[in-house]
Amino acid sequence: MALLKKINQILLLLLILTVCAILYNKVHKAPSALKNDAVDLESPKEMEEEIPVVICAAAGRMGATVAAISSIYSNTEANVLFYIVGLKNTIPHIRKWIENSKLKEIKFKTVEFNPMVLKGKIRQDASRPELLQPLNFVRFYLPLLIQKHEKVIYLDDDIIVQGDIQELYDTKLAPGHAAAFSDDCDLPSTHEMVRSVGMQNTYMGFLDYRKQAIRDLGISPSTCSFNPGVIVANMTEWKNQRLTKQLEKWMQRNVEENLYSSTLGGGVATSPMLIVFHGKHSTINPMWHIRHLGWSPDTRYSEHFLQEAKLLHWNGRYKPWDYPSVHTDLWENWFIPDPSGKFKLTRPDS
C-alpha cells in the first residue's frame, strides 16, 4: 500500500508539472503570436516591392497617359507607384482626371518638369516640331526626378500594356548596364512592317554619318538601333556613369554641328541615347515592346500577333486617339473619358 501511495503521489506531481508547463507556454508565447497576427493583417501590397513607373502627361495628349495607366493598373496585382511627369500648367488637369475617374484608387505622384534645363540644348527643327516638346526629354533626367528607387520603368505615353508589368520590371540588367531597351532587329515578326513603311532600324537612320564627329565614334552605320520608348533603368548605374551629363553633351553638340535631326530616324531624343548607350545596354523581351503601330494608317499587324504582345507602342505620326490610325480598338479599350470634357477623341464620325 505504501508503494502504491508513493506512485500515485509521483503521478500527481507529474500531472501538476505538465499543467504548469502548458500554462507557461501559453502565457509567454502570446506576444509572439500577436506579433505574427499583426504582420498577417498588413496589406500584402505594402509588403511587396514597389514598382515605379514613369510616364509623361503632355498637353493635348493626356488621354494617352490615362489609357496607358489604365492598362497597366488593370493587368497587374503588383504594387505599382506611378510617377506622372508634366509641366506646371498640365499637372492640375491630369490629377483631376485621375481623381474623378475609376483610376482614383491608383498610387501616384505628380512631378513637375522644368523645361529650363533644356535651354541651349535643343536644335530647332521644323519638320516635326512635336518631337521638340520638353517632356520628350524627361527620360534623360530620370535620376533627378525619381530619387528613392534603385530600379525604374519609363514608358512613352502612346503605349498600352497587355501583360503584367511585374514581368517587365523583372528584366535582368547585366552588371555595369544602366538600362535595358528593345533592339529594333530583335523580332522577325516586325521586319515586314519596317520594310513596308520604309523605316530605318540601324544607326544610319538616326545619325548623320557625313559628319566627322559621328564617324569618330567608330560605330558601324549598320548597327541595329533600339527604341527608348520603353526603358528599364538602374538609377545607381545611371548616376555613377553620369549618363545625364553625357546625353546633354551630345544634345549641345547637335545644336552646334547638326549631327542628327527628326528628318532621319523620326526623333531627336533617340539619337543621343543611341550614342551614349551603344554597347552598354541590356535587352527587353521583344514581346514587351511591339512598336511601329503609328507609322502608317494603312499597314497593320495580324490580330493574333497583337493579342500575344505584352506592350503595344504607337510610335510614329498616327496616334490611336487621332484619325487616321490603326488598331484603335485595342487602345480605346483602356481609354477613360476626360471628366472635364477638354480631351476628346478624333474619330471619322466626330
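Structure shown above.
Residues numbered from 1 in each chain as written. Predicted model: local features only at pLDDT ≥ 70, side-chain atom pairs only at ≥ 80, totals over all residues. Heavy atoms only, no water.

Draft legend 1. Structural context of helix α3 (residues 62-74). The terminal C-alpha atoms of α3, which comprises 13 residues, lie 18 Å apart, in line with the 18 Å expected from a rise of 1.5 Å per residue. With respect to burial, α3 is a largely interior element, 11 of its 13 residues being buried. Turning to α3, its buried residues are M62, G63, A64, T65, V66, A67, A68, I69, S70, S71 and I72. (Helix = DSSP H or I, 4+ residues; strand = E, 2+ residues; numbered from the N terminus. Expected span 1.5 Å × (residues − 1). Buried < 20%, exposed > 50% of the residue type's maximum accessible area, 1.4 Å probe, protein only.)

Draft legend 2. View of the sheet that holds strand β8 (residues 282-283). Reading across from one edge, β3-β2-β1-β4-β7-β6-β8 is the order of the 7 strands in this open sheet, with mixed pairing throughout. Single-partner strands in this sheet number two, and they are β3 (107-112) and β8. Pairing between strand β6 (residues 179-183) and β8: 2 bridges, direction parallel. Along β8, the bridge assignment pairs F181 with T283. In the packing of helix α4 (residues 91-99) onto the sheet, the strands contacted are β2 (79-86) and β3, and the crossing angle to β3 comes to about 170 degrees. (Pairing = 2+ DSSP bridges. Contact = heavy atoms within 4.5 Å. Axes fitted to C-alpha atoms, helices over the stretch in contact; angles between N-to-C directions.)

Draft legend 3. Geometry of the side chain of H93. Its location among the elements puts H93 in helix α4. With a relative accessible area of 19%, H93 lands in the buried category. When near neighbours in sequence (up to four residues on either side) are disregarded, H93 contacts M62, D338, S340 and K342.

Draft legend 4. A look at helix α10 (residues 243-257). The terminal C-alpha atoms of α10 lie 21 Å apart, and with 15 residues this matches the ideal 21 Å at 1.5 Å per residue to within 8%. Regarding α10, the residues found buried are L243, T244, L247, E248, W250, M251 and N254. Buried residues of α10, viewed axially, fall in a sector of 160 degrees; they line one side. Facing away from the buried side of α10 by over 90 degrees, the exposed positions are K245 and E256. Those residues of α10 that are buried lie in contact with α5 (142-145), α8 (212-215), α9 (235-240) and α11 (270-276). One or two residues past the end of α10 sits N258, with phi positive at roughly 55 degrees. (Arc of directions from axis to C-beta.)

Draft legend 5. Layout of a negative patch on the surface. On the surface, E49, E77, D164 and D170 cluster together into a patch of negative charge. Here E49 shows up in the loop between α2 (44-47) and β1 (50-56). (Patch = residues over 30% accessible without salt bridge, like charges linked within 9 Å, V, L, I, M, F, W, Y side chains within 5 Å. Areas by Shrake-Rupley, 256 points an atom, 1.4 Å probe, with all protein chains shown as cover. Salt bridge = Lys/Arg side-chain N within 4 Å of Asp/Glu carboxyl O. Lys, Arg positive; Asp, Glu negative; His and termini not counted. Charge placed at Lys NZ, Arg CZ, Asp CG, Glu CD.)

Draft legend 6. Geometry of unusual backbone geometry. Between Y323 and P324 the backbone carries a cis peptide bond, its omega angle lying at 0 degrees. Backbone geometry places R242, a non-glycine residue, at a positive phi of 50 degrees. By secondary structure assignment, the location of R242 is in the loop between α9 and α10. Residue H327 is not a glycine yet carries a positive backbone phi of 55 degrees. Along the chain, the position of H327 falls in the loop between β9 (311-313) and α13 (328-332). Residue H327 is classed as buried on the basis of its relative accessible area, which comes to 2%.

Draft legend 7. Broad picture of the environment of F113. Among the structural elements, F113 can be located in the loop between β3 and α5. For F113, a relative accessible area of 3% translates into the label buried. Separated by 26 residues in the primary sequence, F113 and L87 have C-alpha atoms spaced 5.4 Å apart. Excluding residues that lie within four positions of it along the chain, F113 makes contacts with V85, G86, L87, L118, P134, L135, V138, Y141 and L145.

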